[in-house]
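Overview (structure and organization)
Here is what each chain is made of, one letter per residue.
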Amino acid sequence: MSFSSNSPRFDLLSWPKASEAASKEGSTLVWPFGAFEQHGPHLPLITDTFFAEKVLAEVLERISSKYPIWMIPPQSIGFSPEHKSFKGTISLSADVMIEMVGQVGEQIAEMGFRRLIFFNAHGGQIGLLQAIARELRVKCPSMAVLPCFLWSGVNALKDLIPDREVEEGLHAALAETSLMLHLNPELVGPERAVEGIAGQLSDGKDLNIPNGWSLEGAAPCAWLTEDLSRSGVIGDSRDSSSELGRNLEKALVEHWTELFSSLMESNWPSIH
Ligand SMILES: [Zn+2]
């Protein structure tokens, strides 16, 4: 394995350089989070980790010469209890995640970093990482902690993906399949499942979601994948294409480049 010396990877630095990096004004470390979980019959277990690392590397390539920002290697095993009944999934418990992320975060703060970004690509651990970020902020008040989710807040997605799929395409569906078709087509199998859409399983059975409740959003059900899907796909993967994947990649990279740049231009958290 060989690395370029301009790569903004914190683990490529010697300890004196690491110490110098951490003590820079506004020093920021990004920790990508993926998952080790089933992604339908056609996508690999590494899907979320791969997306987090790939999009982040592109964002940092654009901004890391301007700002004191580095990344550490991705956390590739996450919190995925909802997918456990599908073989291949490996998940840590919430307790272990809280302890592990908390311990690493405290050491990053002790080194002198002023900000830690969680760059997460797995929807099932958004809430957990937000809670960990709050606790870490209380323990380490000098360091801001920003728990981001790859697909959240990216307005351009609404122009690329049909509304229904934005709402119901929760897993291994149109967006993820297209992005992988663009980034690494040899990892994508031929199946294109559609499940969970309009409340039906692929075998025709009703999901029976009670009135007024939803999968995510205002009144969520904390679903398990087997409640919604036989294949592991939640949503409609049939229209996936590498062209859509290319547009999604562009939208994601542009969005996060903008947000990371505005953070780096700011003096957040300004109370210190
Ligand atoms: Zn995923």
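Overview of the structure. Everything numeric in this text was worked out from a predicted model, so none of it was measured. (Residues numbered from 1 in each chain as written. Predicted model: local features only at pLDDT ≥ 70, side-chain atom pairs only at ≥ 80, totals over all residues.)

1. A few points about the environment of His42
With respect to the secondary-structure elements, His42 resides in the loop between β1 (28-33) and α2 (47-63). In this structure His42 comes out as buried when scored by C-beta crowding, with 22 C-beta atoms within 10 Å. Taking C-alpha positions, His42 is 24 Å from Ile126, a pair spaced 84 residues apart along the chain. With sequence-adjacent residues up to four places away left out, His42 is seen in contact with Thr177, Val188, Gly189, Pro190, Glu191 and Arg192. (Helix = DSSP H or I, 4+ residues; strand = E, 2+ residues; numbered from the N terminus. Buried ≥ 20, exposed ≤ 12 C-beta atoms within 10 Å, placed from the backbone. Contact = placed C-beta atoms within 7 Å.)

2. Remarks on the packing of α2 against helix α9 (residues 242-265)
Where α2 meets α9, the axes come as close as 9 Å, and the angle between the chain directions of the two elements is 50°. By the angle between their axes, α2 is oblique relative to α9. At the point where α2 passes α9, the crossing takes the right-handed sense. Where α2 abuts α9, its residues Val55, Glu58, Val59, Arg62 and Ile63 lie against Leu252, Val253, Trp256, Thr257, Phe260, Ser261 and Met264. A per-class count over the contact of α2 with α9 returns eight nonpolar, two polar and two charged. (Axes fitted to C-alpha atoms, helices over the stretch in contact; angles between N-to-C directions. Parallel < 35°, antiparallel > 145°, perpendicular 65-115°, else oblique. Left-handed = near helix turned anticlockwise from the far one by under 90°. Nonpolar A, V, L, I, M, F, W, Y, C, P; charged D, E, K, R; others polar.)

3. Points about the nonpolar core
Membership of the largest hydrophobic core comes to 58 residues, with the highest contact counts inside it found for Leu29, Val30, Ala52, Val55, Leu56, Leu116 and Phe119. Take this core: its biggest share by element is seven residues, from α2. If we skip the residues at most four places from it in the chain, Val55 touches Leu150, Leu252, Val253 and Trp256. (Core = buried A, V, L, I, M, F, W, Y, C linked by C-beta atoms within 7 Å.)

4. Here's the deal with helix α7 (residues 174-183)
Burial runs high along α7: nine of the ten residues are buried. Buried within α7 we find Leu174, Ala175, Glu176, Thr177, Ser178, Leu179, Met180, Leu181 and His182.

5. Quick notes on the pairing of strand β4 (residues 144-149)
The side chains of a regular strand alternate, residue by residue, between the two faces of the sheet. Judged from the six bridges that link them, strand β3 (residues 115-120) and β4 form a sheet pairing that is parallel. Considered in β4, the bridge of Ile117 is made with Leu146. Taken together, β3, helix α4 (residues 126-139) and β4 form a β-α-β motif whose crossover is right-handed. (Pairing = 2+ DSSP bridges. Right-handed = clockwise from strand over helix to strand, strands pointing away.)

6. Things to note about the packing of α7 against α9
Where α7 meets α9, the closest approach of the two axes is 7 Å, and the angle between their N-to-C directions is 95°. Between α7 and α9, the crossing angle belongs to the class labelled roughly perpendicular. Facing α7, whose interface residues are Ala175, Ser178, Leu179, Met180, Leu181, His182 and Leu183, α9 presents Ser242, Leu244, Gly245, Arg246, Leu248 and Glu249. Classifying every residue of the contact of α7 with α9 by side-chain character gives seven nonpolar, four polar and two charged.

7. As for α9
Each α-helix winds once per 3.6 residues, and so residues spaced three or four apart point in a common direction. Compared with an ideal rise of 1.5 Å per residue, which puts 24 residues at 34 Å, α9 spans 34 Å between its outermost C-alpha atoms and is within 8% of the ideal. Of all the residues in α9, the buried ones are Gly245, Leu248, Leu252, His255, Trp256 and Phe260. (Expected span 1.5 Å × (residues − 1).)

8. Brief notes about the sheet that holds β3
The strand order across the open sheet formed by four strands is β2-β1-β3-β4, and the pairing between neighbours is parallel. Strands with a single pairing partner mark the edges of an open sheet, and in this sheet they are β2 (69-71) and β4. Taking the axes of each pair of neighbouring strands and ignoring which way they run, one obtains an average angle of 20° across the sheet. Bridge analysis of β1 against β3 gives six bridges, and the strand direction is parallel. Note that in β3 the partner of Trp31 across the bridge is Phe118. Helix-sheet contacts for α4 involve β1, β3 and β4, and the interaxial angle to β4 is about 175°.

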